[in-house]
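Structure at a glance
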Amino acid sequence: MDEPILYDVAIIGGGLAGLSLAIQIARENHKVILFEKETYPFHKVCGEYISMESWPFLQRLGIPLEKMELPRITKLQVTAPDGTALNGEMPLGGFGISRYTLDAMLKDLAVNAGATVHENSKVTDVNFDGGAFTLTTGEGNFRSLVCCGSYGKRSNLDVKWKRPFTQNNSRKLSQYAGIKYHIETTFPPDTIALHNFKNGYCGISKIEDGKYCLCYLTHTSNLKKNDQSVEKMEEQVLSTNPHLKTIFTGSKKLFPKPVSIAQVSFLHKTQVEDHVLLLGDAAGMITPLCGNGMSMALHAAKIAAGHIESFLHQRTNRRQFEMGYTAEWKKQFSRRLRYGRLIQYFFGRNWITNLFIRVMKKMPRITRWLIRQTHGEPF
């Protein structure tokens, strides 16, 4: 039996981080293979807002953002469960684009760069031995010198590695579910809103083709109290916020049923596990209140690409490579994660959220400062 091809880099998960990493590495003439368990294009739970810090990077990858006429978002609205609204300007701002569109474009760029992309392919096991990785899939085994995980918030590999956040399901920060729709509605195209409700919050912003992304996180207790019915929960819990009631009663849902994800955890994570470099949601507890998880995933791919390149050219050994990536990841994102957790502390319990929004309305300078802490610089 023939030995598997030895790739330079194997990537598990074809989201923003995985695809943009594949493009960068393949353009340096390295052999790259990427595994994605879905088939492009597909929808996934995501707020679909990207801060402008990512604009230059996406353009360098080859996404023609200037020609796409995407909505520019410059204003933020945050509302409390009782309807109290906090409005502010976003110094850097962002733009809206669906993952359905963006991921498919990045996949085409990766293939054109020379990466091998396996769709509808799930990695069931990864083993590091003798300086290389063996990846087990339904299509057989594959070998690589470097392995990266960009598979999202939770994977069978997390359970195999016994990562701490998979072992503790009693903590409040590990019991969330995510729900997403695309909708037709009337809402300011230059604004992203975050509407709070009991034990959760819902974001809305415009994306391409006149559509809006409506995405929310809810503690699973809300679903349990409403017989696991999403529609009943939206009526009984989310719609107690008058802004959300207006959205749900005055919008047209464009999906036959919502896209959903369960067991969302915001507990701490490591950036390297059993020598596998982790990116995006696999690497950190990126709450929606950290500013922008999409930009953080893209930026992590840029950071990882530099360290991988040094390792493949033998300028660093594996230990230096892993430590260097971890240190730079933390330098770039630890502050954002910290402030995201701080803000999240005030969201979820009605009386605390109502009070927090009222206080922040009287302190616009602090509001602007907090917004700046949760966004990065262009890269």
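One structure accompanies this document, and this report is about it. (Residues numbered from 1 in each chain as written. Predicted model: local features only at pLDDT ≥ 70, side-chain atom pairs only at ≥ 80, totals over all residues. Heavy atoms only, no water.)

1. Describing the overall build of the protein
Counting secondary structure elements, the protein contains 12 helices and 17 strands. Taken over C-alpha atoms, the radius of gyration comes to 21 Å for the protein, in line with the 21 Å a tight globule of 379 residues would show. Within the protein, the proportion of its 379 residues that are buried is 57%. Partitioning the intrachain contacts of the protein with sequence separation of at least 6 by distance along the chain shows that 71% fall at a separation of at least 24. Roughly 16600 Å² of accessible area belongs to the protein as shown, and the carbon and sulfur atoms make up 51% of that amount. (Helix = DSSP H or I, 4+ residues; strand = E, 2+ residues; numbered from the N terminus. Rg over C-alpha atoms; globule rule 2.2 N^0.38 Å. Buried < 20%, exposed > 50% of the residue type's maximum accessible area, 1.4 Å probe, protein only. Contact = heavy atoms within 4.5 Å. Areas by Shrake-Rupley, 256 points an atom, 1.4 Å probe, with all protein chains shown as cover.)

2. Topic: the packing of aromatic side chains
All told, the structure shown has nine aromatic pairs when counted by the stated rule. For the ring pair F311 and F321, a centre distance of 4.9 Å and an interplane angle of 15 degrees mean the geometry is stacked. You can see F311 sitting in helix α9 (residues 293-312) and its partner F321 sitting in helix α10 (residues 318-345), a full 10 residues away along the chain. You can call F311 buried: its relative accessible area is 14%. (Phe/Tyr/Trp six-rings, centres within 6.5 Å; stacked < 30°, edge-to-face > 60°.)

3. Things to note about the pattern of salt bridges
On inspection of all chains with the given rule, the structure shows 13 salt bridges. Salt-bridge contacts for D190 lead to K75; the nearest nitrogen and oxygen are separated by 3.6 Å. Residue D190 is located in the loop between β10 (176-184) and β11 (191-197), and its partner K75 is located in strand β4 (residues 72-79); the two are separated by 115 residues in the primary sequence. Judged by relative accessible area, which is 24%, D190 ranks as partly exposed. Given a relative accessible area of 34%, K75 falls into the partly exposed group. Linking R99 and D103 is a salt bridge whose minimum nitrogen-to-oxygen distance equals 2.9 Å. Of this pair, R99 and D103 both sit in helix α3 (residues 99-113), four residues apart, which is roughly one turn of that helix. According to the relative accessible area criterion, R99 is buried, its value standing at 8%. Residue D103 is classed as buried on the basis of its relative accessible area, which comes to 1%. One salt-bridge network, held together by shared partners, links K44, R99 and D103. (Salt bridge = Lys/Arg side-chain N within 4 Å of Asp/Glu carboxyl O.)

4. Some details on helix α11 (residues 350-361)
Residues lying three or four places apart along an α-helix face the same way, a consequence of the helix completing one turn every 3.6 residues. Over its 12 residues, α11 extends 17 Å from the first C-alpha to the last, a length consistent with the 16 Å expected when each residue adds 1.5 Å. Of the positions making up α11, those classed as buried are I352, T353, N354, F356, I357 and M360. (Expected span 1.5 Å × (residues − 1).)

5. Points about helix α1 (residues 16-27)
Counted at 1.5 Å a residue, the expected span for α1 with its 12 residues is 16 Å, and the 17 Å between its end C-alpha atoms agrees. Regarding α1, the residues found buried are L16, A17, G18, L19, S20, L21, A22, I23, Q24, I25 and A26. Where α1 is buried, its residues meet β1 (6-12), β2 (32-35), α2 (55-61), α3, β9 (140-149) and α9. Just downstream of α1, N29 is the residue with a positive phi angle, here 70 degrees.

6. Re the nonpolar core
Counting residues in each nonpolar core, the largest one holds 73 residues, and the members touching the most others are L21 and I308. Tallying contributions element by element places α9 first for this core, with 12 residues. Setting aside its immediate chain neighbours within four residues, I308 contacts V9, L21, I25, V146, C148, L277 and F321. In terms of nonpolar packing, the next biggest core, distinct from the first, is built from 19 residues, F187, Y212, Y216 and L244 among them. (Core = buried A, V, L, I, M, F, W, Y, C linked by side-chain atoms within 4.5 Å.)

7. What to know about the side chain of N354
Mapping N354 onto the fold places it in helix α11. Among the polar contacts listed, one links the side chain of N354 to the backbone nitrogen of D82, at a separation of 3.2 Å. Leaving out residues up to four positions away in the same chain, N354 has contacts with A80, P81 and D82. (Polar contact = N/O pair within 3.5 Å; in protein donor to acceptor, adjacent residues only side chain to side chain.)

8. Structural notes on the packing of α1 against α9
Interhelical geometry of α1 versus α9 gives an angle of 35 degrees and a closest axis separation of 8 Å. You can see that α1 and α9 cross each other, and the crossing is right-handed. On α9, the residues touching L16, A17, S20, L21, Q24 and I25 of α1 are M294, A297, L298, A301, K302, A304, A305 and I308. Classifying every residue of the contact of α1 with α9 gives 11 nonpolar, two polar and one charged. (Axes fitted to C-alpha atoms, helices over the stretch in contact; angles between N-to-C directions. Left-handed = near helix turned anticlockwise from the far one by under 90°. Nonpolar A, V, L, I, M, F, W, Y, C, P; charged D, E, K, R; others polar.)

By themselves these figures say nothing about function.
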